[in-house]
Protein chains: 14
Amino acid sequence: MTGTVAAIGAGLAVIGAGYGIGKIGGSAMEAIARQPEASGKIQGAMIIAAALIEGVALFGVVVALLQG
Amino acid sequence: MTGTVAAIGAGLAVIGAGYGIGKIGGSAMEAIARQPEASGKIQGAMIIAAALIEGVALFGVVVALLQG
Amino acid sequence: MTGTVAAIGAGLAVIGAGYGIGKIGGSAMEAIARQPEASGKIQGAMIIAAALIEGVALFGVVVALLQG
Amino acid sequence: MTGTVAAIGAGLAVIGAGYGIGKIGGSAMEAIARQPEASGKIQGAMIIAAALIEGVALFGVVVALLQG
Amino acid sequence: MTGTVAAIGAGLAVIGAGYGIGKIGGSAMEAIARQPEASGKIQGAMIIAAALIEGVALFGVVVALLQG
Amino acid sequence: MTGTVAAIGAGLAVIGAGYGIGKIGGSAMEAIARQPEASGKIQGAMIIAAALIEGVALFGVVVALLQG
Amino acid sequence: MTGTVAAIGAGLAVIGAGYGIGKIGGSAMEAIARQPEASGKIQGAMIIAAALIEGVALFGVVVALLQG
Amino acid sequence: MTGTVAAIGAGLAVIGAGYGIGKIGGSAMEAIARQPEASGKIQGAMIIAAALIEGVALFGVVVALLQG
Amino acid sequence: MTGTVAAIGAGLAVIGAGYGIGKIGGSAMEAIARQPEASGKIQGAMIIAAALIEGVALFGVVVALLQG
Amino acid sequence: MTGTVAAIGAGLAVIGAGYGIGKIGGSAMEAIARQPEASGKIQGAMIIAAALIEGVALFGVVVALLQG
Amino acid sequence: MTGTVAAIGAGLAVIGAGYGIGKIGGSAMEAIARQPEASGKIQGAMIIAAALIEGVALFGVVVALLQG
Amino acid sequence: MTGTVAAIGAGLAVIGAGYGIGKIGGSAMEAIARQPEASGKIQGAMIIAAALIEGVALFGVVVALLQG
Amino acid sequence: MTGTVAAIGAGLAVIGAGYGIGKIGGSAMEAIARQPEASGKIQGAMIIAAALIEGVALFGVVVALLQG
Amino acid sequence: MTGTVAAIGAGLAVIGAGYGIGKIGGSAMEAIARQPEASGKIQGAMIIAAALIEGVALFGVVVALLQG
């Protein structure tokens, strides 16, 4: 076996980001469907929450890249 | 055993992307079915949320490719 | 044991694609059943969302193929 | 222990295909039961969605076969 | 330890087939119970969907057999 | 440690068969309870769906036996 | 460590049998409670479905015993 | 590390038996609470279903004992 | 690392017993709350079902003790 | 790495006990809330069911202690 | 790698205790909210059930400490 | 690989504490929302239940620290 | 492979903290939405419960840092 | 295999953060949809709860970076 184990860490980080943003995004879809007139507020809050996850996830992938 | 372990990291990244975009897309389908007239807004928000995951996932797969 | 470990990564990528497209497709079935007259819109959104997953998944399998 | 590890990747690919097509097919059954007159549309969309998974899964199994 | 690891791949393939056909079959049972007069359509769609999984699963088991 | 690893593959195949036939059988019980007069149709469809899983599972166990 | 790995395969086979027959049996209990007058039909179908699992499971345990 | 690996197989067999009989028994409790006058039929069917699991489980534990 | 692996098997057996008896006992609590006047019947059936699990579990732990 | 593997078995046994007694206790809380006047009967049955798990769990931990 | 494996056993024991007491405590919260006037009875039963888990868990952690 | 395995035990202990206190705290939030006037009682019971988990968890982490 | 295993323990501790605080926070969101006028009480209880998890989690990460 | 194991710890930390913030954010979306006029309060509480997780997660990733 060759390759770096660190790539597995990058993959796990993507799982975390995918789970989190997927949960937020999925709930946002349902929220817009229930209150179409509040779609501005919902989309704003969705991007704030997703950004918090995106930041940690990119940080985690970069750590994996540095340690390869 | 031959091959690089990094490919497992690429696979995990696809699991993350699949889970996340699947959750968002699945909720979007149900949202369009409940509010067909809001399908423009929903599809727009769906693509924004999916893009956030797509970006991290492609980054993760590229990291796995570099470290093979 | 012989063979490359990378094939496991290809398998994991298919799990991700299967989960994601399965979730989107399953919700699309239910959405068409609830709103048969909106089946055009739903099928369109279904293919967009599935394509986003399909792309990452094929990329992941190709990475596994290159690193075998 | 003998044999190739790649066969495990083939097995994982079948899990992904089984999960995804199973989810789509199961929802299609319920959709036909709820709207029997829309069974043509539903069956059509079911085959499109299943084909997207089938393609990736067969690709994954072939990758496992090549790397044995 | 003796024996081939490939048999584990065959077992995983059966898990995938069992999950998928089980999901489709279980939903078909409930669909027939809800709409007994549409049992022909439902059984037809059930066999199409199950065949898509059966094909990949048998392919996966054969790959495991070849690589033992 | 002695013994063949292939027996683990046989065990996994039984898990797959148990899950699938259990899901189909369990739904069939509930379907008969909801529509006792359609028990013939339901039992017929149950056996067709279960046979599809039984076939793959026995094939998988035989593969495990051959590769022990 | 001594002992054969094959015993783990036997244990996995029992998990599969337990899950499947448990699911069928549990649904049968609820079905009898909902339709006590159809308990004959339900018990008959329960034993047919359970027998299909029992057969594969015993086959799997015997394979594990042979390969110890 | 000393001891036989086969004891893990015995433990897995007990997990299978516990899951299955627990599912059947739990549903039987609820069934008796819903139809107290049918408690004879329910208890009879519970013991038949549990016996099918008990048999495989004891067989599995004995296999583990023989292969220690 | 010292110690016997068999103790892990004993732990798994306790997990099985805990899951099964916990499921039965939890359902029995809810059943008594729904039908307090049938608490005798329910407690009787609870002990029969729990005894079936208890027996296999103790057998499994003793097997683990013998093979330490 | 030092220490005995048997401690992991003890930990698994506690997981089993925690799951089982937690399930029984949680259902007992809800049962008392639904039928406060039957709290004596419920608490009695709760202790009987919990004792059956407690016994196996302590036995399992003692086995782990003996085999350290 | 240094350190004792036994600490993993201690961690598993805490998982068991956390799951069990968390389940009991969470149900107790909901029970008090539904029947505030029965909060004395509920809190009493909660502490009895939690004590049964606490005892096994502390025993398990002590076993892990002794075997380090 | 360097570092002590015991840190994994500490991480598992935190998972246990997080799961348990999270379950209790989450249910307490919902309970206060349903019965705001009983928030004193609920918060009191929440802290008692959480303390029982906190104690075992800290004990587990300290054990992991001692055995590093 | 280089690096310390202890970092995995730190990651597990963050999973525990994320699960617990996420559960508490998510329930708090729903509680505020149901009772906006009780948002002060709910936010107070949320911070108390989250602090209990935060403490154990930071302790766990510090243990992982010390043992690297 | 090359690379540091610590990157796996970073990936696990991102999973924890993603799960937790995803749960909080998803519930916040639904809460805003149910009470659009309370979106200020909800977004405030969402950021407080998410910050508690963000802090531990970044700490965990930094620990992984230091120990690479």
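Thresholds applied
Residues numbered from 1 in each chain as written. Chains lettered and ligands numbered in written order. Predicted model: local features only at pLDDT ≥ 70, side-chain atom pairs only at ≥ 80, totals over all residues. Heavy atoms only, no water. UniProt positions renumbered as here; feature names shortened; annotations may be inferred. Helix = DSSP H or I, 4+ residues; strand = E, 2+ residues; numbered from the N terminus. Rg over C-alpha atoms; globule rule 2.2 N^0.38 Å. Buried < 20%, exposed > 50% of the residue type's maximum accessible area, 1.4 Å probe, protein only. Contact = heavy atoms within 4.5 Å. Buried area = accessible area lost by both parts, 1.4 Å probe. Salt bridge = Lys/Arg side-chain N within 4 Å of Asp/Glu carboxyl O. Polar contact = N/O pair within 3.5 Å; in protein donor to acceptor, adjacent residues only side chain to side chain. Nonpolar A, V, L, I, M, F, W, Y, C, P; charged D, E, K, R; others polar. Expected span 1.5 Å × (residues − 1). Patch = residues over 30% accessible without salt bridge, like charges linked within 9 Å, V, L, I, M, F, W, Y side chains within 5 Å. Areas by Shrake-Rupley, 256 points an atom, 1.4 Å probe, with all protein chains shown as cover. Axes fitted to C-alpha atoms, helices over the stretch in contact; angles between N-to-C directions. Parallel < 35°, antiparallel > 145°, perpendicular 65-115°, else oblique. Lys, Arg positive; Asp, Glu negative; His and termini not counted. Phe/Tyr/Trp six-rings, centres within 6.5 Å; stacked < 30°, edge-to-face > 60°.

- Looking up chain A in an unreviewed UniProt entry gives the name ATP synthase subunit c, with the organism given as Marivirga aurantiaca.
- Among the UniProt annotations of chain A, the heading Sequence similarities (unreviewed entry) holds the following wording: "Belongs to the ATPase C chain family."

### A look at the overall build of chain A
Part 1 of the reasoning: Counting its secondary structure elements, chain A contains two helices and zero strands.
Part 2 of the reasoning: Computed over the C-alpha atoms, the radius of gyration of chain A is 16 Å, more than 25% above the 11 Å expected from 2.2 N^0.38 for a compact globule of 68 residues.
Part 3 of the reasoning: Projected onto its principal axes, the C-alpha coordinates of chain A cover approximately 55 × 20 × 10 Å.
Part 4 of the reasoning: Residues classed as buried in chain A amount to 68% of the 68 residues present.

### With respect to the UniProt feature "domain: V-ATPase proteolipid subunit C-like" (unreviewed entry) in chain A
Part 1 of the reasoning: Under the present numbering, the feature "domain: V-ATPase proteolipid subunit C-like" (unreviewed entry) in UniProt falls on residues 6-66 of chain A.
Part 2 of the reasoning: From the first C-alpha to the last, residues 6-66 of chain A spans 9 Å; its make-up is 93% helix and 0% strand.

### Re the interface of chain C and chain B
Part 1 of the reasoning: Counting residues at the interface gives 41 residues for chain C and 38 residues for chain B.
Part 2 of the reasoning: When chain C packs against chain B, close to 3200 Å² is buried across both sides, 75% of that on carbon and sulfur atoms.
Part 3 of the reasoning: Among the residues chain C hides against chain B, the three largest losses belong to C:Val5, C:Val56 and C:Gln67. Together they make up 19% of the total.
Part 4 of the reasoning: At the boundary of chain C with chain B, the tally comes to zero salt bridges.
Part 5 of the reasoning: Counting the contacts that link chain C with chain B gives three residue pairs in polar contact (both at pLDDT 80 or more).
Part 6 of the reasoning: Those elements that place two or more of their residues in the side of chain C that touches chain B are helix 1 (6-34) and helix 2 (39-66) of chain C.
Part 7 of the reasoning: With 17 residues, the single largest contributor to the side of chain C that touches chain B is helix 1 of chain C.
Part 8 of the reasoning: Partitioning the side of chain C that touches chain B into residue classes produces 26 nonpolar, eleven polar and four charged.

### Some thoughts on helix 1 (residues 6-34) of chain H
Part 1 of the reasoning: An ideal rise of 1.5 Å per residue puts 42 Å on 29 residues; helix 1 of chain H measures up with 42 Å between its terminal C-alpha atoms.
Part 2 of the reasoning: Burial analysis of helix 1 of chain H places 25 of its 29 residues in the buried class, which makes it a mostly covered element.

### Overview of a nonpolar patch on the surface
Part 1 of the reasoning: Together, A:Val62, A:Leu66 and N:Leu65 line one region of the surface with nonpolar side chains, adding up to about 250 Å² of accessible area.
Part 2 of the reasoning: Tracing the chain through its elements places A:Val62 in helix 2 (residues 39-66).

### Observations concerning the environment of G:Tyr19
Part 1 of the reasoning: In this structure, G:Tyr19 sits in helix 1 (residues 6-34).
Part 2 of the reasoning: Apart from residues no more than four positions distant in its own chain, G:Tyr19 is found in contact with F:Gly18, F:Tyr19 and H:Tyr19.

### Concerning the UniProt feature "transmembrane region" (unreviewed entry) in chain A
Part 1 of the reasoning: In the UniProt entry, the feature "transmembrane region" (unreviewed entry) is given for residues 44-66 of chain A.
Part 2 of the reasoning: Split by type, residues 44-66 of chain A is 100% helix and 0% strand. Its first and last C-alpha atoms lie 33 Å apart.

### Quick word on the arrangement of the chains
Part 1 of the reasoning: No part of chain A reaches chain G; the closest C-alpha pair between them is 25 Å apart.
Part 2 of the reasoning: Chain H makes no contact with chain K; the smallest distance between any of their C-alpha atoms is 12 Å.

### Some remarks on the packing of helix 2 (residues 39-66) of chain E against helix 2 (residues 39-66) of chain F
Part 1 of the reasoning: One can describe the packing of helix 2 of chain E onto helix 2 of chain F by two numbers: an axis separation of 11 Å at closest approach and a directional angle of 0 degrees. The orientation of helix 2 of chain E relative to helix 2 of chain F falls into the category roughly parallel. In this structure, helix 2 of chain E contributes E:Ser39, E:Gln43, E:Met46, E:Ile47, E:Ala50, E:Glu54, E:Ala57, E:Leu58, E:Val61, E:Val62 and E:Leu65 to the contact, and helix 2 of chain F contributes F:Lys41, F:Ala45, F:Ile48, F:Ala49, F:Leu52, F:Val56, F:Phe59, F:Gly60, F:Val63 and F:Leu66.
Part 2 of the reasoning: Taken together, the residues that form the contact of helix 2 of chain E with helix 2 of chain F break down as 16 nonpolar, three polar and two charged.

### Digging into the environment of L:Leu52
Part 1 of the reasoning: Locating L:Leu52 in the fold gives a position in helix 2 (residues 39-66).
Part 2 of the reasoning: Overall, L:Leu52 belongs to the partly exposed group, its relative accessible area being 25%.
Part 3 of the reasoning: Taking the C-alpha atoms as reference points, L:Leu52 and L:Ala10, separated by 42 residues in sequence, lie 18 Å from one another.
Part 4 of the reasoning: Excluding residues within four positions of it along the chain, L:Leu52 makes contact with K:Ile21, K:Ala50 and K:Glu54.

### Focus on the side chain of D:Glu54
Part 1 of the reasoning: Residue placement: D:Glu54 occurs in helix 2 (residues 39-66).
Part 2 of the reasoning: Despite its burial, D:Glu54 remains without a salt bridge, the nearest opposite charge being carried by E:Lys23 at 17 Å.
Part 3 of the reasoning: Beyond its immediate stretch of four places on either side in the chain, D:Glu54 contacts D:Ile21, E:Leu52 and E:Val56.

### Concerning the side chain of E:Gln35
Part 1 of the reasoning: As for its placement among the helices and strands, E:Gln35 is situated in the loop between helix 1 (6-34) and helix 2.
Part 2 of the reasoning: Its relative accessible area of 17% is what places E:Gln35 among the buried residues.

### Details of the packing of helix 1 (residues 6-34) of chain I against helix 2 (residues 39-66) of chain I
Residues and elements named next belong to chain I.
Part 1 of the reasoning: Interaxial distance between helix 1 and helix 2 falls to 9 Å at its minimum, and their mutual angle equals 175 degrees. When the axis of helix 1 is compared with that of helix 2, the two are roughly antiparallel. In this structure, helix 1 uses Ala-6, Ala-10, Ala-13, Ala-17, Gly-20, Ile-21, Ile-24, Gly-25, Ala-28, Ala-31 and Ile-32 to contact helix 2, whose residues at the interface are Ser-39, Ile-42, Met-46, Ala-49, Ala-50, Ile-53, Glu-54, Ala-57, Val-61 and Ala-64.

### Here's the deal with the environment of A:Lys23
Part 1 of the reasoning: For A:Lys23, the position within the fold is in helix 1 (residues 6-34).
Part 2 of the reasoning: Of the residues examined, A:Lys23 reaches a relative accessible area of 21% and is grouped as partly exposed.
Part 3 of the reasoning: Not counting chain neighbours up to four residues away, the residues in contact with A:Lys23 comprise N:Gly22 and N:Gly26.

### Thoughts on the packing of aromatic side chains
Part 1 of the reasoning: With the rule as written, the count across this model stands at 14 aromatic pairs over all chains.
Part 2 of the reasoning: Centre to centre, the rings of A:Tyr19 and N:Tyr19 are 5.2 Å apart; their planes meet at 20 degrees, and the pair counts as stacked. Here A:Tyr19, found in helix 1, pairs with N:Tyr19, found in helix 1 (residues 6-34), and the two come from separate chains. Judged on exposure class, the residue A:Tyr19 and its partner N:Tyr19 are both buried.

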